[in-house]
Amino acid sequence: MVWEIFDLLKPRSALLASVCLLPALLVPSPYDAASAQTAPHHREAAGNRVVPSGGTIAAINVIGNRRIEADTITSYMVVQVGGPFDPQAINESVKTLYATGLFSSVSIHRDGNDLDVAVVENPTVNQIFFSGNKVLVDKDAQAAIGLKSRAVFTPAAAEADRRALLDAYAKKGYYSATVTPNIIRLPDNRVNVVFQCTEGPQSLIGRITFIGNNHFSQSRLREVVSSRQSAWYRFLSTSDQYDSERVEYDEYLLHQFYMHNGYADFNVISANAELSPDRKSFYLTFDISEGPRYRVGSLKIVSGIRGLSVKQLGGLVPLGKGDWFDGDALQEGVTALNNRALNLGFSFAQVNPMVHANPATKKIDITLNVVDGPHVYIQRIDITGNTRTEDKVIRRELTFAEGDAYNQAKADRSTTNIKNLGYFKTEKITTAQGSTPQQVVVDTAVTEQATGQFSLGGGYSTDLGALVNAGLSQNNFLGTGVDASINALLAQRGSQINLGVTDPYFLDRNLIAGFDLFRSETDSFTAAAEALSYQESDIGGDVRLGYRFNSHVRQNFTYTLSERDLFGVPTGSSVYIVDEEGVSSLSQISQTLTFDYLDNDLAPTSGLNIDLTTDFAGLGGSARYVRLSPDISYYVPLEHVFGNKAWVLRFNATGGYLLPTFGYTDRIEDRFFLGGDNLRGFADGGVGPTDVATGDEIGGKIMWTQSTQLNFPLPVSPDLGVSGFAFVDVGSLYGVKALPGFPVDDSSAPRVGAGIGVSWNTPFGLINLSLAQPVVKQRGDQIQQFRVSFGSRF
């Protein structure tokens, strides 16, 4: 009766409680590695009793089988009815029966002309449970083991699963974990299997050491590798967990770093990871050979293709004689040469670099041979691994199609395009022989990953006060490549919600289409009533359509329809604000022409970006104007000066011009405001035309700004995501027509602010702290020296 009750206890907690109450029934597994390996040999010796030879087997009698049919058992045996009594064949039969894993005991003996086979069946698994596991959840533990419900239990299987669970713990950094398999015997030769887990502390990387580094310090090389020493602030990261695959990647990063700095002979001799005696930490050691640092002795481009001259390929390699050798620059040059040849119509062109290093002179001679590669065409393109994403989403990122000439540079560019989608864990393009030697089959293999994201953050902004934001996005909606998101922000001085959908290839063409629905409300303080404010609300939507001319130039058109409301104006505010209280409507068409030559859209370090925006309001609605808003940014990398990519000089210039049309009188919602993020050292909207009577800022129709900012690293670990910046901002805002009897202080004189700041890139958003001093200001300008900006990435 005890067995029946115990067998019916299905919930894990109840089962484990019963295990504790019935210790006599819980049998610790005696199947350690040694017994699992030696047991079959002992069984063979016990089962293979001396069987007299001679005569013919008349019958085979199976004894002890309860679950397995006798015919099934005899089918595994070497000896059969009608065969001779051969001791060697009988011994082989014992081995084959053990090899099935179905039996814990096998013995064969002769009874006259019959052969008796006595077996003891291995039990079957009823249920599998895990105890003491927290880091390795049940779902992951179950996936790691081979034993399943209703499978045959064997000591070897239990040992294999124990090792599999230890490997799963090791991948999570728990190298001191122990796993003990226990069995609970049940009626009908069944068992419950309980894996008792003791996880112990996580084994993190305690120390990373480099041997043979003469030109770079230990701390500098620790910044290069992706593995990190354990530190309290890495609780949200896994980089301080030992991972053999990550160490291999670290070797690649070291090689790339040294090649970038001119050490062409660099080599990683070994990378060893040693587990401490207490198994709580790893000691990671890289033994490296740096070799000499090389300068470029000569650089030649040789064209072996008729019709393609060296002159056509000039100026593309960012290296020259006397420069320090740079592997990244060389690769950039090879790519540029490939692209130039392809653009000139040489579909099979390929660049073969030849590098000759002379350790005695410490110079490298480089020859870039542009040759006509094999004339191979693409017969077929296969897409594999995309279990969720539609084929067309991947195909449109390929720079070639069936029937095109195959070129490795195009294949590399296609791989980059697919990677930039962010839909896949891995992506790889390979080729196989086609139906003829001049044809190849291109296989594009991808591995899907989750593309949905939920974000929740909070913080403080000088503009809005304390704030909370949340967002839900899906970058690959239903596998179609459509980007859908909903974002909301709630702050002390404003709120905002936005629903957006974007199709990057509308109608499967080179069109970017989408729409947004939005509602926002903000508070604006007046000089007359600093404790009070007036509110502005904006509710509406827009429709967007864009076109890519090439990889650098695109144009977007947007139609916006919204209702704007200015309300809650406190008593004593400027007449320029009071008169505009109420509802207005906006029907606006905008276009933005973008020239994007940045090296990275998220964190640029070099290149140019130009946005030219024009707004036309007046197709319906009450607002009628033309508004121009150019924005230019230029980034200059200073790595060659300071030896660190974090040193970047940024120049930014913006402008604004508002022209009312058809007799329209511009409103405060239409104008530009200056101060805050676009002119640090001054309050939000604190620069520009002001009402002389009240001191309220009322915005302007003409604006320009120029900002010069130097970004630099701070003497802290890069893993903290903290960097510094210094800046000088210059700008001016003016151009408001004064009402009779209400003078306006409208100066076009430039204002200047300068200061320093710190950026902290947290998992919850980007926080900027800046301290600025107004260097040049005018009467009526509002000052704000300390500023906090909080930005969240959805």
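Bear in mind the structure is a predicted one, so any value in this text is a computation, not a measurement.

A. Layout of the pattern of salt bridges. Scanning the entire structure with this criterion turns up 25 salt bridges. Between Arg163 and Glu159 there is a salt bridge; the shortest N-O distance is 2.9 Å. Here the residue Arg163 and the residue Glu159 both occupy positions in helix α7 (residues 155-171), the gap between them amounting to four residues, near one helical turn. Residue class for Arg163 comes out partly exposed when judged on its relative accessible area of 44%. Classification of Glu159 by relative accessible area gives buried; the value is 7%.

B. Inspection of the side chain of Gln241 at higher detail. Note on placement: Gln241 falls in the loop between α8 (218-224) and α9 (244-260). If we skip the residues at most four places from it in the chain, Gln241 touches Lys171, Lys172, Gly173, Gln202, Leu204, Ile205 and Arg246.

C. Quick look at the confidence of the model for the protein. For the protein, the mean per-residue pLDDT works out to 87, and 91% of the residues sit at or above 70. Note on residues 1-48: pLDDT is under 50 here. Beyond four places in sequence and across chains, it has 74 contacts.

D. Representation of a nonpolar patch on the surface within the structure. Nonpolar side chains collect at one region of the surface, where Phe454, Leu456, Val468, Leu472, Ile486, Ile497, Leu499, Phe515, Leu517 and Val543 lie side by side and expose about 910 Å² of accessible area between them. Contributions of two or more residues to the nonpolar patch are made by β17 (452-461), β18 (465-477), β20 (494-503) and β21 (511-526). Relative to the helices and strands, Ile497 is located in strand β20.

E. Just the nonpolar core, in detail. Counting 22 residues, the largest nonpolar core has Ile301, Leu319, Phe325, Leu337, Ile366, Leu368 and Val370 as its most contacted members. At the level of elements, β11 (295-303), α10 (327-343), β12 (349-358) and β13 (363-372) are the ones that each hand at least two residues to this core. Ranked by the residues each element gives to this core, the list is headed by α10, at five residues.

F. Region of interest: α10. Along its 17 residues, α10 runs 24 Å from first to last C-alpha, staying within 8% of the 24 Å computed at 1.5 Å per residue. The set of residues buried in α10 consists of Gly327, Ala329, Leu330, Gly333, Val334, Leu337, Asn338, Ala341 and Leu342. Two or three places before Asp328, at the opening of α10, Asp326 has a side-chain oxygen 2.9 Å from that residue's backbone nitrogen. Positive backbone phi, at 100°, marks Gly345, one or two positions downstream of α10.

G. Fine view of the packing of aromatic side chains. Applying the stated criterion across every chain yields a total of 19 aromatic pairs. Aromatic pair Tyr169 and Tyr174: ring centres 6.5 Å apart, planes at 65°, arrangement edge-to-face. For Tyr169, a relative accessible area of 0% gives the class buried. Relative to Tyr242, the ring of Tyr175 has its centre 6.2 Å away and its plane inclined at 55°; by these criteria the two rings are tilted. Of the two residues, Tyr175 sits in the loop between α7 and β6 (178-186) while Tyr242 sits in the loop between α8 and α9, which places them 67 residues apart along the sequence. Since its relative accessible area comes to 18%, Tyr242 is described here as buried. Counting every residue linked through ring pairs, the aromatic cluster contains Phe216, Phe257, Tyr258, Tyr263 and Phe266. Taking the ring centre of Tyr283 as reference, the NZ or CZ of Arg207 above it sits at 4.3 Å.

Conventions we followed
Counting restarts for each chain: residues are numbered from 1 in the order of the written sequence. Only residues with pLDDT of 70 or above have their local features reported here, since the model is predicted, and side-chain atom pairs are shown and tallied only from 80 upward, although totals for entire chains, interfaces and linings are computed over all residues. Water and hydrogen atoms were dropped before computing side-chain values, which therefore reflect all heavy atoms in the structure. The rule for a salt bridge is simple: a side-chain nitrogen of Lys or Arg has to be within 4 Å of a carboxyl oxygen of Asp or Glu. Going along the chain from the N terminus, every DSSP run of H or I of four or more residues is numbered as a helix, and every run of E of two or more is numbered as a strand. To sort residues, take the accessible area from a 1.4 Å probe on protein chains only and compare it with the maximum for the residue type: under 20% means buried, over 50% means exposed, and anything in between is partly exposed. The contact criterion used throughout is that any non-hydrogen atoms of two residues lie within 4.5 Å. Each residue carries a pLDDT value, the predictor's own confidence for that position, ranging from 0 to 100. Like-charged residues within 9 Å of one another, or nonpolar side chains (Val, Leu, Ile, Met, Phe, Trp, Tyr) within 5 Å, are grouped into patches, provided each residue has over 30% relative accessible area and no salt bridge. The accessible surface values rely on the Shrake-Rupley method and a 1.4 Å probe; as for residues, cover is taken only from the protein chains in view. Take the buried Ala, Val, Leu, Ile, Met, Phe, Trp, Tyr and Cys residues and link them wherever side-chain atoms come within 4.5 Å; each set so joined is a nonpolar core. In a helix, the anticipated span is given by 1.5 Å times the number of residues less one. Side-chain atoms alone can form a polar contact between residues adjacent in sequence; in general such a contact is a pair of N or O atoms within 3.5 Å, and within protein one must be able to donate a hydrogen while the other accepts it. Any two of the Phe, Tyr and Trp rings considered here, Trp counted by its six-membered ring, make a pair once their centres fall within 6.5 Å; the pair's planes then place it as stacked at under 30 degrees, edge-to-face at over 60, or tilted in between. Whether a charge lies above a ring is judged from NZ of Lys or CZ of Arg, which has to be within 6 Å of the ring centre and within 35 degrees of the ring normal.

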